[in-house]
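Structural features, examined
As a plain string of letters, each chain reads:
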Amino acid sequence: MTSSTNPKVVIIGGGTGGVIAANILGRKVGKKASITLISERENILYEPDNLFRIFDKKGISKQFKSLFKVVNKKRVQIEIDTVVKVDPESQKILTKEGKMYSYDYLVIASGARYVYDRVPGYEEAAYHYHTPGAALKLRDALQEFEGGDIITGVSDLPFKCPVATMEFTLMAHHFFKRKKMLDKVRIHYLSPLASAFSIEKVSDKIEQAFEKNEIELHTFFNTDTIDPEKQIVYSLEGEEMRYDLLVMVPPHMGQDYVIASGLGDDDGWLPVDRYTLEHEKYNNIYGCGDATDLPVSKSGSAAHHTSKIIAKRIIRRIKGKKAKKKYKGQVQCFLMTSLTSSMFLAFSYTRQPRRIGLWRVFGRPLYLFKKIFPFFFFNSRFGVLSGRV
Amino acid sequence: MAEERKLIDARGSLCPGPLMALIKNIKRAPIGAEFEVWSSDKGTRRDLPKWVEKAKHELIEIVEEDDYNRFIVRKAR
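Calculation notes
- Residues numbered from 1 in each chain as written.
- Chains lettered and ligands numbered in written order.
- Predicted model: local features only at pLDDT ≥ 70, side-chain atom pairs only at ≥ 80, totals over all residues.
- Heavy atoms only, no water.
- Patch = residues over 30% accessible without salt bridge, like charges linked within 9 Å, V, L, I, M, F, W, Y side chains within 5 Å.
- Areas by Shrake-Rupley, 256 points an atom, 1.4 Å probe, with all protein chains shown as cover.
- Salt bridge = Lys/Arg side-chain N within 4 Å of Asp/Glu carboxyl O.
- Helix = DSSP H or I, 4+ residues; strand = E, 2+ residues; numbered from the N terminus.
- Pairing = 2+ DSSP bridges.
- Axes fitted to C-alpha atoms, helices over the stretch in contact; angles between N-to-C directions.
- Buried < 20%, exposed > 50% of the residue type's maximum accessible area, 1.4 Å probe, protein only.
- Parallel < 35°, antiparallel > 145°, perpendicular 65-115°, else oblique.
- Left-handed = near helix turned anticlockwise from the far one by under 90°.
- Contact = heavy atoms within 4.5 Å.
- Nonpolar A, V, L, I, M, F, W, Y, C, P; charged D, E, K, R; others polar.
- Phe/Tyr/Trp six-rings, centres within 6.5 Å; stacked < 30°, edge-to-face > 60°.
- Lys NZ or Arg CZ within 6 Å of the ring centre and 35° of its normal.
- Buried area = accessible area lost by both parts, 1.4 Å probe.
- Polar contact = N/O pair within 3.5 Å; in protein donor to acceptor, adjacent residues only side chain to side chain.

Our focus in this paragraph is a nonpolar patch on the surface. A surface patch of nonpolar side chains, about 400 Å² in accessible area, is lined by A:F369, A:I372, A:F375 and A:F376. Relative to the helices and strands, A:I372 resides in helix α10 (residues 359-378).

With that out of the way, let us pick up the sheet that holds strand β5 (residues 76-80) of chain A. All names here are of chain A. The strand order β5-β2-β1-β9-β19 describes an open sheet built from five strands, whose pairing is parallel. Both outer strands of the open sheet, β5 and β19 (285-287), are each paired with one neighbouring strand and no more. Ignoring strand direction, the axes of neighbouring strands in this sheet form an average angle of 20°. Judged from the five bridges that link them, strand β2 (residues 34-39) and β5 form a sheet pairing that is parallel. Residue pairing in the sheet places S39 in a bridge with I80 of β5.

So, on to the sheet that holds strand β8 (residues 100-102) of chain A. All names here are of chain A. Taken in spatial order, the three strands of this open sheet run β6-β7-β8, and their pairing is antiparallel. Of all strands in the sheet, those with a lone pairing partner are β6 (83-87) and β8, marking the two edges. Each strand of the sheet is rotated relative to its neighbour by a mean of 20°, with strand direction disregarded. In terms of strand pairing, strand β7 (residues 92-95) meets β8 through three bridges, oriented antiparallel. Within the sheet, the bridge partner assigned to K92 lies in β8 and is S102.

With that out of the way, let us pick up the pattern of salt bridges. Should their charged atoms come close, side chains of opposite charge can pair. One pass over the full model with this rule turns up 27 salt bridges over all chains. Here A:D267 makes a salt bridge to A:R118, at a shortest N to O gap of 2.9 Å. Here A:R118 lies in the loop between β10 (113-114) and α4 (122-125) and A:D267 lies in the loop between α8 (256-260) and β19, a separation of 149 residues in the sequence. Judged by its relative accessible area of 14%, A:D267 falls in the buried class. Through salt bridges with shared partners, a single network forms among B:R5, B:E34, B:E36, B:E58, B:E65, B:R70 and B:R74.

Residue and element names in this part refer to chain A. As a packed pair, helix α1 (residues 16-29) and helix α9 (residues 300-318) sit with axes 8 Å apart at the nearest point and diverge in direction by 30°. Of the possible angle classes, the one that applies to α1 and α9 is roughly parallel. Once α1 is placed against α9, the crossing between them reads as right-handed. Counting all contacts with α1, which are made through T16, G17, I20, A21, I24, L25, K28 and V29, the residues of α9 involved are G300, A303, H304, S307, K308, A311, I314, I315 and I318. Class assignment of the residues belonging to the contact of α1 with α9 gives a composition of ten nonpolar, five polar and two charged.

Residues and elements named next belong to chain A. Within this structure, the stated rule accounts for 22 aromatic pairs over all chains. A centroid spacing of 5.1 Å and a plane angle of 55° characterise the contact between Y189 and F210, whose relative ring orientation is tilted. Residue Y189 is found in strand β12 (residues 185-190), and its partner F210 is found in helix α7 (residues 200-212); the two are separated by 21 residues along the sequence. This pair shows no difference in class: Y189 is buried, exactly as F210 is. For the cation-ring pair, R274 lies above Y349, with the distance from its terminal atom to the ring centre recorded as 5.7 Å. Between K371 and the ring centre of F52, over which it is positioned, the NZ or CZ distance is 4.4 Å.

Take the environment of A:F145 next. All names here are of chain A. Structurally, F145 is set in the loop between α5 (132-144) and β11 (148-154). Residues F145 and T337 lie 192 residues apart in sequence; the distance between their C-alpha atoms is 22 Å. F145 has contacts with I150, F176, M181, V185, D244 and L245, leaving out every residue within four places of it along the chain.

Along helix α1 (residues 17-27) of chain B, eight of the eleven residues are buried, which leaves the element largely enclosed by surrounding structure. For α1(B), the full list of buried residues reads B:P18, B:L19, B:A21, B:L22, B:I23, B:N25, B:I26 and B:K27. Each element contacted by the buried residues of α1(B) is listed here: β14 (223-227) of chain A together with β1 (5-9), β2 (34-39), α2 (42-54) and β4 (69-74) of chain B.

Residues and elements named next belong to chain A. Burial of the side chains of β7 is restricted to one face: I93 and T95 are buried, whereas none of K92 and L94 on the reverse face is. The sheet contact formed by β6 and β7 spans four bridges and is antiparallel. Counterpart to V83 in the pairing with β7 is T95. Hairpin connection between β6 and β7: a loop of four residues separates the two successive antiparallel strands, and Q91 in this loop has a positive phi of roughly 60°. Hairpin connection from β7 to β8: four residues lie between these consecutive antiparallel strands, with G98 at a positive phi of about 85°.

Attention now moves to the interface of chain B and chain A. Much of the literature gives interface size as the accessible area that the parts lose upon coming together. Residue-level contacts link 19 residues of chain B with 27 residues of chain A. For the pair chain B and chain A, the two sides together bury roughly 1,800 Å², of which 56% comes from carbon and sulfur. Among the residues of chain B in contact with chain A, B:K24, B:K27 and B:K54 are the three that bury the most area, contributing 33% of the side total. Our enumeration of links across chain B and chain A arrives at four salt bridges. For B:K54, the salt bridge goes to A:E239, with nearest N and O atoms at 3.3 Å. On inspection of chain B and its partner chain A, the count reaches ten residue pairs in polar contact (both at pLDDT 80 or more). For the side of chain B that touches chain A, the elements supplying multiple residues, two or more each, are α1 and α2 of chain B. In terms of residue count, the dominant contributor to the side of chain B that touches chain A is α1(B) (five residues). Along the lines of polarity and charge, the residues of the side of chain B that touches chain A split into eight nonpolar, two polar and nine charged.

In structure tokens form, the structure reads like this:
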């Protein structure tokens, strides 16, 4: 049992980063500290499988698991509630249910949210795959699509999982190839950058795949507005693209309570030191994964790595020792190159992928590994969420 | 002349971080707003001027410091 004088750690957010941090802290210091996880939802979602749901016939229920099954309940108190404000001076948290929590260390792992009306016309016009429900709607739209121009891209910056747009594009091409409809379908990829992707070596491979598959790449196209009636996307650069089917990543923002608490920038992203992950003003507040303004991909992989660093730093501080572990920007991800093959990418703040070749050889095994990855993700003893890997 | 020039310190971010930070900020700014982007990444020297030209904004100046560049940009439309 913990006493009232023991250090209190509160983690906001029951996604990948929040659960991993909670499990590591519970395992390592759960007897000498009070660990509380506050989550808006009772279930954790495995988001990467959204892309598979677009093209298969499965339901979405296996993408969810109850927090009470993946978090160590003996060492971590789980509260299903919504945070409305954090007072960093008094170190207190207020929730929608009217509860007040005090903390010595706070981990903000509450991720990003989708704000559809941030881009005019988006909500009426666009399909996406950033929620399982949206992926199922897109599945129906693709099944019913009779031909024409498909526009894929992003509606705003920043956004989660930058490789997903390329994955969708290549998987959609394979889908229409199987349906023998490539003579009727033209796929256009809108990139906000000067190239298809931010990392040159990856970008080169993707651009080669686009060229081979006659997918048209449009660079420096940053969505400004969408006209759902005329079916046109207008860019900040002054260009326009007409579509028959629009598949676009929704606009993202940080959480409202981060803005209301004065802890984030105007869009709700938490400013943190890129190595220590401590808030720029409050060193007992840590930012994890998507919730931050870190210069890395908003992704489950970044949430995984940052949560482990944060947990280790807090453990050292609770033990009265100097926190040493630093985040070096590590991110790993799979990049689907068709419905049945994948690349694997690994990079950091200072290291671009040195070698991503041989994906034509290893593409199939990597795809199979990606398919069974949810088992490793959810396994509460040795999987990703346990914080042991 | 803009009343205040917004500083975007993107030193240490790899390309296209500095450019994406500029695009994100310029998108919701009023016409005439000025930005000063600090970038230590060589790719920014290549891509940022290209984007500013394509988007028809104004690249007022590039100042070369010892280990980074300062890009002064005005939102022109």
